[in-house]
Amino acid sequence: MTEETQALEAAIRKQWDGVFIATPSEKKKFYLTVAYPYPSGAMHVGHGRTYIVPDVVARFWRMRGREVLYPMAFHVTGAPVIGISKRIARKDESAIKLYTELYRVPEEVLETFVDPLNIVNYFSNEYERVMTRAGLSIDWSRRFTTVEPSYSKFIEWQWYHLRDAGHVNKGAHPVRYCPQCENPVGDHDLLEGDKAEIQKFTLIMFRYGDAFIPCATLRPETIYGVTNLWVNPTITYVRVLVNGKEWILSRQAMEKIGLQDHEVNETGTIPGSELVDKIVSHPLCGEVPVLPAVFVDPDMATGLVMSVPAHAPYDYIALRDLQRKGQYTGVRPVGIIKVEGYGEFPAVDAVEKADIINQDDPNLVELTQSVYTAEHATGKMYEQYGGKPVKFAREEIAEMLTAEHHSGIMYEFDTRPVVCRCGSRAFVKVLHDQWFLEYSDEAWKQQVKDHLEDMELVPQETKAEFLRTVDWLKDWACSRRIGLGTKMPWDPEWLIEPLSDSTVYMAYYTIASRIKCIEPSLLTPEVFDYIFLGKESEGLPERKRLDEMRKEFLYWYPYDFRFSAKDLISNHLTFQLFHHCTIFPKEYLPNGMVVFGMGLLNGAKMSSSKGNVYLLEDAINDFGADTVRMFLIGSGEPWQDFDWRNELVSSTRKQIERFTQTIKDGLASEGQETDIDQWLISRMQNRITQVTNAMENFQTRQALQEAFFGFESDLKWYKRRLGLNPAGKNAMRSFCSAWVRLLAPIIPFTCEDLWKDIGDGLVSFAPWPKSDSALVNNDAEIAEELLLRTVEDIESILRILKTPPRKVTICVAPSWKWEVLTLISGATDRKNVIRDVMQNEEIKSRGRDAADAVKQCTALFHKLPSDLVNKIVADQPDELAVFKGAAAFLAEDTKLEIEVLPAESCHHMKAGSALPFKPAIIIE
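Here the structure is a predicted model, which means the values were calculated and not measured. (Residues numbered from 1 in each chain as written. Predicted model: local features only at pLDDT ≥ 70, side-chain atom pairs only at ≥ 80, totals over all residues. Heavy atoms only, no water.)

Draft legend 1. Seen up close, the overall build of the chain. Counting its secondary structure elements, the chain contains 35 helices and 32 strands. Principal-axis analysis of the C-alpha atoms gives the chain an extent of 105 × 80 × 50 Å. Scored against the burial criterion, the 924 residues of the chain give a buried share of 55%. Residue pairs in contact within the chain that sit at least 24 positions apart in sequence constitute 76% of those at least 6 positions apart. Charge centroids of the chain, computed over 105 positive and 131 negative side chains, lie 2 Å from each other. (Helix = DSSP H or I, 4+ residues; strand = E, 2+ residues; numbered from the N terminus. Buried < 20%, exposed > 50% of the residue type's maximum accessible area, 1.4 Å probe, protein only. Contact = heavy atoms within 4.5 Å. Lys, Arg positive; Asp, Glu negative; His and termini not counted. Charge placed at Lys NZ, Arg CZ, Asp CG, Glu CD.)

Put into structure tokens, the structure is as follows:
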């Protein structure tokens, strides 16, 4: 970024200071929110897009005359900053490197990070500073953090309502857990594995002497088809007393089982190699051998695996590999499930048909899933095993195994590793006396589903994902022992966990600037009941201030749109719907949500922990705020993923520079009005409509395409048509005024600077351009479109000529061909269009020429844009007049002699190919 750009941005930021504070007014409101950030590190360009897209929308609606509220706060609840603080305190090299080298925290500041609140305060201020540099039109008067006493009182109020509604209860549930932090951990508490789900395995207990060997499975119905167990001969297993019974399992499994409601005592060890070839037994499959398999992961479930080669492709291939070496040839698959499209042994069929060579084949994962899916969807147990569909047999057999054959439950993550921000490994732990939100409540789920029917979701496809999330959501551990945040009001030994205290804070924004004036101790639940629900109570304090806050809430709520990333559908975005539905009446439930795609850096997922980020402030320093904004907006629609690449950003900077110079040149124009001016102004009306429609539908990229490249394209043709004549003063001033305002939400610094020479006040509050139908000149637009297309055709021909030409003859189509095109455009049955057109006697009389013309016009009809066809059919241009009127321009533009003729007056063989809106071009 040049010093000139830096100075310009600084000057404009001063002009914006305080102007975006929003207050209730007579205007219609537009209230948008975005997921507030967790300030534990510096902002990168992915964050930039998250907050810049809503800013573009906020600026658009502000210019449309709305009172716009775009607030911001900082989410500091939970254990992440505590984990970071601990890592810094113990001089963790990776943490020190991250904060000194990537985030460039001064050494003297880093030393203070042993206090987690110092991390919060430092990065909260950094976020506000960088957001301001990026030109975000945020109302900073409403800023707060989630550990402020007033906010905690608000959270207490919310939770009283959730408990009163029966949605908060104590129980025992499996949760993601960090032993070092002694806390359940949510998505935002994790460095790795933030999408890991907890899976419920059935432990099938195989007898080995006086001990049990437990094997974990998601498919307990396959016990009847077990042919062997797999053991890793390279590791040492442990003998463990689990609730008084001896088990053999991996050491990692012993540690996990100990967290899941079992009393565990190690009694000895046994090498895996010692278990090879031993015989184990189970009443439902009989005696089976233990076979060696180094692929068995001791860190997955129990570290031993039961093998069902008839129905598990991996098991079949492992067994096949051993048998090809001449080993264990007596072990044969046992079929237990009949499934459509497969033989007796579905896994064997699938592997052999797919020609899978070994266990490393990348297609094996998908193949396994397809077999499992087919068996679950249409599979039936063989009659000797009950004959029931797999989907029903699975649960019944699991219950039977538990009741009669010593089976139990083990919980495990579906992906690993799962790592807390403190750097410690996280596991699944069964917690007791833990507070849970009962998202499993079917009546509560139905409330959310009903409201989803009333919401505007962008893009619409996300509705299915929301509904899936509502369906599979289970009870959620909503309390912690350690961290920052609000204590459970009726059980202060617990803290409310981070995602659970950030569900209705959008309501708190409406009063955030005013509630600071009230002593937190006065903020009882009754106070919030009055502000948000209008419930009167005796002795309410600060009544005048409460009335002002209620007025703010009633003006702003419900929020119009919430912007957030698609990965939050599975938690926050859905949680907030549950909570809104419980606390607020229907008229205050959310109106809509816009779901973002993910950010990439040079094709790879951005990750601060892995160092694959480009800081937003670095991007602004290198390219300028408007360049960053325009690139991020142009990189895709909000719901699409985007990829930041520095080499592409540079071209965006040049585009802005070109735009700036074009506006300055346009404002200096002193020419008189010409016919082409009318075309430019007419063309502009449609561009305004297109940009406005795109913005209203959150298609910010489409809006940019129309507002920047569309305007630029029209201006290029306008100047070409003018030739050496100066641009019209009035037309250019009108054009530049509209152009600057349309781009103001996207590149506000540039447009604010240009606006000072165009209009009064700040462009940020200038009226959005409106399309004026009185200025639309269809004849001019059609004529120029015809000229433009013809010039492009002439240029295409000239490029392939080998000899220098001297003359261009343009032959326009006869009126009967226009009749053909008109009949084609009105035809309902395009397959039989030739037959229908040939019923016209005048056309039919032309014989073969007519048949050829129908084919050519049909092809042209499908090639031209449908809206253009409709225009030219409804308002047929006088092509002869158009080309004769532009003959001088064409001669000057091509540097060739121009002749314009009706096709029937030209004797050249090519003249007969003239079609409506596509004249025959003869170059000699």
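From this point, the narrative continues.
Draft legend 2. Seen up close, the pattern of salt bridges. Scanning the model with the defined rule gives 53 salt bridges in all. The partner of Glu375 in a salt bridge is Arg219, with the nearest N and O atoms 2.2 Å apart. Of the two residues, Glu375 sits in helix α12 (residues 364-378) while Arg219 sits in the loop between β7 (211-217) and β8 (228-231), which places them 156 residues apart along the sequence. Like Glu375, the residue Arg219 is buried in the burial classification. Residues Asp753 and Lys756 are paired through a salt bridge, measuring 2.7 Å at the closest nitrogen-oxygen approach. Judged by relative accessible area, which is 22%, Asp753 ranks as partly exposed. When salt bridges that share partners are traced, they join Lys256, Asp297, Asp299, Glu412, Arg416 and Arg425 into one network. (Salt bridge = Lys/Arg side-chain N within 4 Å of Asp/Glu carboxyl O.)

Draft legend 3. Representation of the packing of helix α24 (residues 675-696) against helix α25 (residues 700-722) in the model. Where α24 contacts α25, the two axes come as close as 8 Å, and the packing angle between them is 175°. Put simply, α24 runs roughly antiparallel to α25. Here the residues of the contact of α24 with α25 sort into 14 nonpolar, 4 polar and 6 charged. (Axes fitted to C-alpha atoms, helices over the stretch in contact; angles between N-to-C directions. Parallel < 35°, antiparallel > 145°, perpendicular 65-115°, else oblique. Nonpolar A, V, L, I, M, F, W, Y, C, P; charged D, E, K, R; others polar.)

Draft legend 4. Seen up close, helix α26 (residues 729-743). Between the first and last C-alpha of α26 there are 21 Å, a value that for 15 residues agrees with the 21 Å anticipated at 1.5 Å per step. Where α26 is buried, its residues touch α2 (45-63), α23 (646-667), α24, α25 and α27 (748-755). (Expected span 1.5 Å × (residues − 1).)

Draft legend 5. View of the packing of helix α15 (residues 462-472) against helix α20 (residues 572-583). Running from N to C, α15 and α20 point in directions that differ by 70°, and their axes come no closer than 10 Å. Taken as axis vectors, α15 and α20 run roughly perpendicular relative to one another. Between α15 and α20 lies a crossing of right-handed hand. Contact residues: Phe466, Thr469 and Val470 in α15; Leu573, Thr574, Leu577 and Phe578 in α20. Residues belonging to the contact of α15 with α20 are distributed by class as follows: 5 nonpolar, 2 polar and no charged. (Left-handed = near helix turned anticlockwise from the far one by under 90°.)

Draft legend 6. Highlighting the nonpolar core. Counting 156 residues, the largest nonpolar core has Tyr99, Trp644, Phe659 and Tyr718 as the members making the most contacts within it. Here the element with the most residues in this core is α2; it accounts for 10 residues. Every residue in contact with Tyr99, bar those within four places of it in the chain, is listed here: Ser40, Ile84, Ile88, Arg104, Val105, Leu110, Phe113 and Phe123. The next biggest cluster of nonpolar side chains, apart from the first, holds 69 residues, and it includes Val168, Ile496, Leu540 and Tyr588. (Core = buried A, V, L, I, M, F, W, Y, C linked by side-chain atoms within 4.5 Å.)

Draft legend 7. Main features of the layout of surface pockets. Space inside the second largest pocket adds up to approximately 1,300 Å³. Going through the elements one at a time, β3 (168-178), β6 (198-208), α13 (390-404), β17 (408-413), β19 (427-437) and β21 (476-477) are the ones with two or more residues in the lining of the second largest pocket. Take the lining of the second largest pocket: its biggest share by element is 6 residues, from α13. Of the residues belonging to the lining of the second largest pocket, the class tally is 19 nonpolar, 12 polar and 14 charged. (1 Å grid on protein atoms, 1.4 Å probe; cavity = no way out; pocket = protein on both sides within 12 Å on 5 of 7 lines; lining within 4 Å. Points joined across faces, edges and corners; volume = space filled by probe spheres on them.)

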